[in-house]
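Descriptive analysis of the structure
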Amino acid sequence: MVEHEKLKGDAKNWSRDLEKEVIVSINDLTWDFSVSSDKEIFSIDTPPPYTSGRPWHLGAAAQYSKIDMIGRSQRMLGKAVLFPVGMDRNGIPVERYTEKKHNIRMRDTPREDFLKMCKESLDELENEMLEILRSFGYSGDFKSMYRTDSENYRALTQSTFIEMWNKGMIIRGTRPSNYCIDCGTTIADAEIEYKEMDTNLVYFYFNIEGSDKKILVASTRPELLASCSAILVNPEDERFKDFAGQTAITPIYGKKVKIIQHSYAKAEFGSGTVMICSYGDYNDIMIIKELGLKETILINTNGKMNENTGERLNGLKINRAREEIIKLLQDDGCVEKIERIKHRTPICDRSKTPIEIIPLDEYYVKVIDIRSKLLELAEKLEIIPEQHRQILINWLKVSNDWPISRRRYYGTEIPLWYCNNCGEPFVPEEGKYYRPWKEKPPETAVCRKCGGKEFTGDERTFDTWMDSSVSSLYVTKYLYDKKFFSKTYPMTLRPQGIDIIRTWLNYSILRNYLLTDKLPWKTAWIDGMGLDEHGEKMSKSKGNGIDPTDVIEKYGADAFRFWAASEAMPGSNFMFSESRLQGSSKFLTKLWNVARLISQFPFDGKEIEIKNYSDRWIIAYTNKLIKECKEGYTKLNPFIPANKVREFVWNVFAPHYVELVKARAYGEGFSAEEKESAIYTLNYVLKRTLLLIAPITPFISDTIWKELYSNEPVHYQKMPENSSVDDEMLSLGEKLMEFDSRVWAIKKEKGISLREKINMDVPEGLKLFGEDLIKMHNIE
RNA sequence: GGGCCUAUGGUCUAGUGGUCAUGACGUCUGCCUUACACGCAGAAGGCCGGGAGUUCGAAUCUCCCUGGGCCCACCA
């Protein structure tokens, strides 16, 4: 017989301190992945967290811990799991972080210096992030961690761009674009948010040519008056019937513009007339196109008005220009009134400042042409939970060509040069990393149009989603290892949050389809968002983000992970609740104490035949639990095993079975054989319970496992085998538990302690439990 | 304005046609019963948002309404 050591210093409660004793050994485990293994491959396109300078909030940590549970459980289900760790390091957030940190402006800093500072910021932030991941036992492959700003990764982004360019999927166009003045770059529709903002609706008069009549126009953008190219009135609007077809004269500028009937003008709003400018909003673009009106550019990319706006406005920032023109109009005596209104304003999701519509020469990925194909793919992809599919479909139905060039520094460079003679783009070969803003093109470069040999590099970078949308190709070694790629692509799983469906999910499908003609994964697993205790989405701007480190230090990683798993079904939003987190921590203590009790009994692990009915009952129950939990893991749903195991341990195993056999396990008044059967069964159940919960709570599971069962970590084990479930024993067990409750209630009613003697009959059906039941309740 | 999702005891959460609706947290009562007071036992608490329909039978399916969330289009 082997005497167990007492569990960890005999601590009565599971705690972060106990986790700290094993955290190094848990994080040091290795998970070698080999494509030559004959195991089924389960590959995860893990989200590379954005090293953006915002501390990771608890919602994100909860999501990553759930992804870890999927990875761990798939390993224990016998799969070869490709579980990469990546860091997304390109793009605007780190640039803004660096500007703030050093109190500098990107555009006033030499590019080379600025990039260096960004890199330093990123390294710090990355370390913080890695520390958090390790603090809760994330088991991705840290050894081969990738960074989206590495040469290899950027070479992939560029190569896949070149591939798409050569296939004719990239177009160049001067289109009115969403332009964020603060970020100094074009942004995609997907990067726009809307915010209710207060603004002035200015009512002012235009004179009518050859008449002493005036027409009243209302506008929130009077500073764009210089570009006014028409006034619209509704054809049904009686007030303006006579004006239609006449020519109005713009105040200040004295320009002639037609008054046109158009249904876009709504009689109810403002003055019932609309002045069309280039560009107040996207309707202006549509109308200008539709009516063939002339555009005038008024705003430069630095956010200042240009010479087209006249002497008084030229050089002013937009807001200042707006104030100025209102003054001018007032001086002119043509302002009727100014109304304060709420206006839903498009803002940049990074800088939170209003976007302007400015025509710029940019590159786009064709989306509109293949929209129907993308919709087809969106229907084909398995999405968990199914209900989130609609978000993707809704977005695809309205999405436009994707602008991919950005006038920024810290990003993957657009690998293009332009012929100094004729301007024709030069496209280099795939496979290398190019920096056209500081490097010459390859020596062999010749302009294919005019034969020129002098080139100027493109200074722009790509949208960061150009990088992250090929993560599935990077981790499967698309460019670098054909065999590996063919075995791992398409991948098994894309786990991600609901908030980046229209960006990461959407662009990944688009890019992978254009490049490989396939969906990048079999399944997309879309989790909900972490909310604060009031149900508000956690975000830095609201200042309601909760630091996962604080929570983990206080309650432990396993309590945090168990909470994340048990709080909500994957896909639902989950609200942070300290009291429920405490509940998770209590459950772990319960499990810990069950293990402490069982660890007292010497156990040699030898298989024996079980005849005792109490033991047969709990074994049947355990076998049912195994089946349910494994089904849950197979469906990528840790919610199911978390709650099933908790219910089992807390409501069945501990109060009913353990109490039932405690006396027998101590050997008080039982034969050695009976005692052995009890101890065997206690361990049978505990051992399997630990395996089932190990992916969710790796720390406590491994600690108990190593103390009681094996030197080999629990995480290297297989999930327990399914065994047949004895349904008759299960229903007998239900009656047993009802009887227990009845006895307890009676004792309570009589005001006697639970261990006091009681005189009652054991029901006929429960006599099978024999001496166990009599000892448990002290029945006479 | 259009679309999608959602609505279960005080709070959160399971449950997709069929016995008294799951569990957790919280609340109340009594207990330190040699694993655990971060515990044990007991109890209270829900006309499953409202209405209509389908059905022998609905929390579960259909329609309408209401509340909440998200997305899209929007007020010049």
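Please read all numbers here as calculations on a predicted model, not as lab measurements.

**Observations concerning the protein's contact with RNA strand B**
Taken together, 58 residues sit near RNA strand B, with Phe269, His343, Arg344, Arg502 and Tyr666 positioned nearest. Sugar and phosphate atoms form 68% of the subset of RNA strand B atoms that lie within 4 Å of the protein. Taking Thr273, its main chain carries an N or O atom lying 2.7 Å from a base nitrogen of RNA strand B. Take Asn651: an N or O atom from its side chain is 3.5 Å from a sugar or linking oxygen of RNA strand B. A per-class count over the surface near RNA strand B returns 22 nonpolar, 19 polar and 17 charged.

**Quick notes on the sheet that holds strand β18 (residues 417-419)**
On the basis of which strands lie adjacent, the open sheet formed by three strands has the order β19-β18-β20 and antiparallel pairing. Of all strands in the sheet, those with a lone pairing partner are β19 (425-426) and β20 (455-457), marking the two edges. Of the strand pairs in this sheet, β18 and β20 are connected by three bridges, and their pairing is antiparallel. Across the sheet, Trp417 pairs through a bridge with Gly457, a residue of β20.

**Looking at the pairing of strand β7 (residues 192-208)**
Examined bridge by bridge, β7 and strand β13 (residues 335-348) share 13 bridges and lie antiparallel to one another. Bridge assignment links Val202 to a residue of β13, and that residue is Ile338. Two strands pair when backbone bridges link them, and β7 and strand β8 (residues 214-219) are joined in this way by six bridges, in the antiparallel orientation. Each bridged residue has a counterpart across the sheet, and for Asn207 the counterpart in β8 is Lys214. Taken together, β7 and the strand that follows it, β8, pair antiparallel across an intervening segment of five residues, in which Gly210 is found at a positive phi of about 70 degrees.

**Examining the sheet that holds strand β14 (residues 355-365)**
Strand order across the open sheet formed by four strands is β6-β5-β14-β16, with antiparallel pairing between neighbours. Because the sheet does not close on itself, it has two edges, and the strands there are β6 (185-187) and β16 (402-403). Both strand β5 (residues 170-180) and β6 contribute to a ladder of three bridges, which runs antiparallel. Across the sheet, Asn178 pairs through a bridge with Ile187, a residue of β6. Where helix α6 (residues 282-291) meets the sheet, it contacts β5 and β14, and its direction lies at approximately 135 degrees from that of β5.

**Remarks on the pattern of salt bridges**
On inspection of all chains with the given rule, the structure shows 52 salt bridges. The salt bridge involving Arg16 is made with Glu19; its shortest N-O contact spans 2.7 Å. Linking Arg16 with Glu19, this pair stays in helix α1 (residues 16-27), spanning three residues, or about one helical turn. Of the two residues, Arg16 and Glu19, both sit in the buried class.

**Some points on the environment of Val446**
As for its position among the elements, Val446 is in the loop between β19 and β20. Residue Val446 is classed as partly exposed on the basis of its relative accessible area of 38%. With 20 residues separating them along the chain, Val446 and Phe426 place their C-alpha atoms 7.7 Å apart. In contact with Val446, other than residues within four places in its own chain, are Phe426, Gly451, Gly452, Lys453 and Phe455.

**Quick notes on the nonpolar core**
In this structure, Phe136, Trp617 and Phe653 are the most contacted members of the largest nonpolar core, which totals 114 residues. Residue contributions to this core peak at twelve residues, all from helix α18 (residues 639-666). The residues contacting Phe653, other than those within four sequence positions of it, are Val594, Ile598, Ile618, Phe648, Val658, Leu682 and Val685. Listed in part, the 63 residues of the second largest apolar core include Ala378, Ile383, Trp417 and Cys447.

**Some words on the environment of Asp702**
Relative to the elements of secondary structure, Asp702 occurs in helix α20 (residues 698-708). Overall, Asp702 belongs to the buried group, its relative accessible area being 2%. A C-alpha to C-alpha distance of 8.4 Å links Asp702 and Val22, two positions 680 residues apart in sequence.

What counts as what
- Residues numbered from 1 in each chain as written.
- Chains lettered and ligands numbered in written order.
- Predicted model: local features only at pLDDT ≥ 70, side-chain atom pairs only at ≥ 80, totals over all residues.
- Heavy atoms only, no water.
- Near = heavy atom within 4 Å.
- Polar contact = N/O pair within 3.5 Å; in protein donor to acceptor, adjacent residues only side chain to side chain.
- Nonpolar A, V, L, I, M, F, W, Y, C, P; charged D, E, K, R; others polar.
- Pairing = 2+ DSSP bridges.
- Helix = DSSP H or I, 4+ residues; strand = E, 2+ residues; numbered from the N terminus.
- Contact = heavy atoms within 4.5 Å.
- Axes fitted to C-alpha atoms, helices over the stretch in contact; angles between N-to-C directions.
- Salt bridge = Lys/Arg side-chain N within 4 Å of Asp/Glu carboxyl O.
- Buried < 20%, exposed > 50% of the residue type's maximum accessible area, 1.4 Å probe, protein only.
- Core = buried A, V, L, I, M, F, W, Y, C linked by side-chain atoms within 4.5 Å.

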